[in-house]
2 protein chains.
Amino acid sequence: MNVHDLATPALLVDVDAFDHNVHLMASDRPGERLRPHVKAFKSTALAHELDVAGHHGFCCATPREVEGMAAAGLGHDLLLANEVVDVRRLQAMTTGSEARITIAVDSEETIEAAVRGGVSEVLIDVNVGMPRCGCAWRDAGRLAELARAKGLEVRGVMGYEGHLMVESDDQAGKVEAAVAKLLQAHDEVGGDVISGGGTGTWRTNRWVTELQAGSYTLMDTAYAASGLPFRQALFLWSTVVSVNRQGGYATADAGLKALGMDHGNPQVQGGDVWYCADEHTVFSAAEGHDLPAVGDRVRIVPAHVDPTVAYHELLHVIRAEEIVDTWPVDLRGW
Amino acid sequence: MNVHDLATPALLVDVDAFDHNVHLMASDRPGERLRPHVKAFKSTALAHELDVAGHHGFCCATPREVEGMAAAGLGHDLLLANEVVDVRRLQAMTTGSEARITIAVDSEETIEAAVRGGVSEVLIDVNVGMPRCGCAWRDAGRLAELARAKGLEVRGVMGYEGHLMVESDDQAGKVEAAVAKLLQAHDEVGGDVISGGGTGTWRTNRWVTELQAGSYTLMDTAYAASGLPFRQALFLWSTVVSVNRQGGYATADAGLKALGMDHGNPQVQGGDVWYCADEHTVFSAAEGHDLPAVGDRVRIVPAHVDPTVAYHELLHVIRAEEIVDTWPVDLRGW
């Protein structure tokens, strides 16, 4: 099937760019040194490609991602890198599961929930500078002791320097300072695992035993702007449904319900985006380009990969114009 | 079932606020004078409530919305208020359908696609000032003639003054000027239907024969800020999973994958939002409020209703804390 036969809007994955990204990362962080984060792509089929590339442990952000990965036979070592206090939700996730499931905890309440929820292994989640989850590093040892006293296996620590992912001013120094807190916490906690980092700090975070990166597989304009060597593999395929030559703009049939908008507007190949409406992206011709005609297809490059994929049911895998595979986005929701 | 028994994140609809909104709008635009836009809520169960309230014609933005409404027995008079040039997609929508389906056209190409796609009725879509779809009003008569020559029934015109929905400076005058173009086009086109407007111009657009409003049913912070008398009925229910008292912030388990972000951050009841991450909203206590505890539930008010609902599978309908109904969000996708 040819890409022009697809109904639009539809997400495309350029498999050559994807393979480049997977191999580049795997050459730097082989095997267990990478724990790919499925939140970026929410697809067990894509995760399977990473498993084949040698990464058998995965990071999840929601219970449903954990359950879906386990059901797909990818439950070798799943880290729910997020806090959950809903005991019934944890029980539903763990009961009868053959997957190895580790969960992040950062408080007495989350430790208690893990115990009651049937979780047996945890990481102590440490705040390394971004206000979100994570305990103070000075509190990590006390929480590890508490967790162990309640019968949990504490595998180590995690911390996410999300505030530094697209930092351009001395990222290396700032990451080192952030990770220093994680390492101090690890001194108190013990265990084999120091988990953290992401696509944006893949080069600069040399201290974690496993990197939690996922966006590098597909990429977006925000990460591309920070000069990473990963290639854009994800495109939103759309059809021009209206052209106003006098006004100098064209309207494509993919809008903000097909795109994560928290990083702002997407880019259109050959165009300058004016704005996105619910089901439309309006753009003028970029310099050196002509306005398209009604019926033409255009590629839109998302500004933020994770919330974009979460709107879609399928990833259509292409090589040039041929559709070579279809990966369901089967890990959506919570 | 009590709302505290729900796993989070989950969308809630306050049924008293919803009923207020439905009745207020129906008192001003009864029956066919309102063509509710399903794109705002993407749920045939919610649409059924509007059908019961007397509105039997509906507006859709995607072929899937049309198909879903028809399959749910709500196909009395469906307007696809959008341009489609994919003939196979139109054929799939019209073939074997017992629904009355009208589609917007704004060019020779969209008229040709409608003919080949098995559509029998159209509206001429007129640009009334917002750059998106829609022909120049001076061109509407020519397109209507062309459509009729090709065997299509032209029911009238439509035009959407989307650029004026939250206009605070002389909205009435600006809407009148915009609709003047639509009325001039209608003089040339003929037909019974002058379709347009939305929640934001429900008072000021007195010229359309049918108002295309949908957001008024559920509302969001953007429309609330413009002083409309519709009540907030939609809430994102979430659980506090981490609290940093020293830092003065709490983290709830619903983030930008559960919220449309194109209008910016949502609001948290009792809190001041710092930012949203993929699966988290971080906030401090609002003046006069305390920080919540881990495990507490908080209500988040979305900034934009349409792309928020499109991330969810269910609308949980509540009266006070009791869940009285569940409406599937069954019209997602394209």
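In what follows, the structure referred to is the one given above.
Residues numbered from 1 in each chain as written. Chains lettered and ligands numbered in written order. Predicted model: local features only at pLDDT ≥ 70, side-chain atom pairs only at ≥ 80, totals over all residues. Heavy atoms only, no water.

Here's the deal with the sheet that holds strand β4 (residues 101–105) of chain A
Residues and elements named next belong to chain A. Pairing is parallel in the open sheet, where 7 strands are placed in the order β2-β3-β4-β5-β6-β7-β8. Across the chains shown, the open sheet's two edge strands, defined by having one partner strand only, are β2 (57–60) and β8 (210–211). In terms of strand pairing, strand β7 (residues 193–196) meets β8 through 2 bridges, oriented parallel. For G196, the partnering residue across the bridge sits in β8 and is L211. Where helix α7 (residues 171–189) meets the sheet, it contacts β5 (121–125), β6 (153–159) and β7, and its direction lies at approximately 170° from that of β6. (Pairing = 2+ DSSP bridges. Helix = DSSP H or I, 4+ residues; strand = E, 2+ residues; numbered from the N terminus. Contact = heavy atoms within 4.5 Å. Axes fitted to C-alpha atoms, helices over the stretch in contact; angles between N-to-C directions.)

Considering the pattern of salt bridges
As enumerated under the stated definition, the model contains 40 salt bridges over all chains in all. With a closest N to O distance of 3.5 Å, D169(B) and K174(B) form a salt bridge. When its relative accessible area of 32% is taken as the criterion, K174(B) is described as partly exposed. One salt-bridge network, in which partners are shared between bridges, spans D28(A), R29(A), R203(A) and R206(A). (Salt bridge = Lys/Arg side-chain N within 4 Å of Asp/Glu carboxyl O. Buried < 20%, exposed > 50% of the residue type's maximum accessible area, 1.4 Å probe, protein only.)

Thoughts on the interface of chain A and chain B
Tallying the contact residues gives 56 residues for chain A and 54 residues for chain B. Looking at the side of chain A facing chain B, the largest losses of area belong to R132(A), Y311(A) and W334(A), adding up to 17% of the total buried there. Connecting chain A to chain B are 22 residue pairs in polar contact (both at pLDDT 80 or more). At the level of elements, α4 (87–94), α5 (108–116), β9 (234–244), β10 (249–252), β12 (271–277), β13 (280–285) and α9 (305–309) of chain A are the ones that each hand at least two residues to the side of chain A that touches chain B. Per-element accounting of the side of chain A that touches chain B gives the leading share, 5 residues, to β9(A). Here the side of chain A that touches chain B is composed, by residue class, of 22 nonpolar, 16 polar and 18 charged. (Buried area = accessible area lost by both parts, 1.4 Å probe. Polar contact = N/O pair within 3.5 Å; in protein donor to acceptor, adjacent residues only side chain to side chain. Nonpolar A, V, L, I, M, F, W, Y, C, P; charged D, E, K, R; others polar.)

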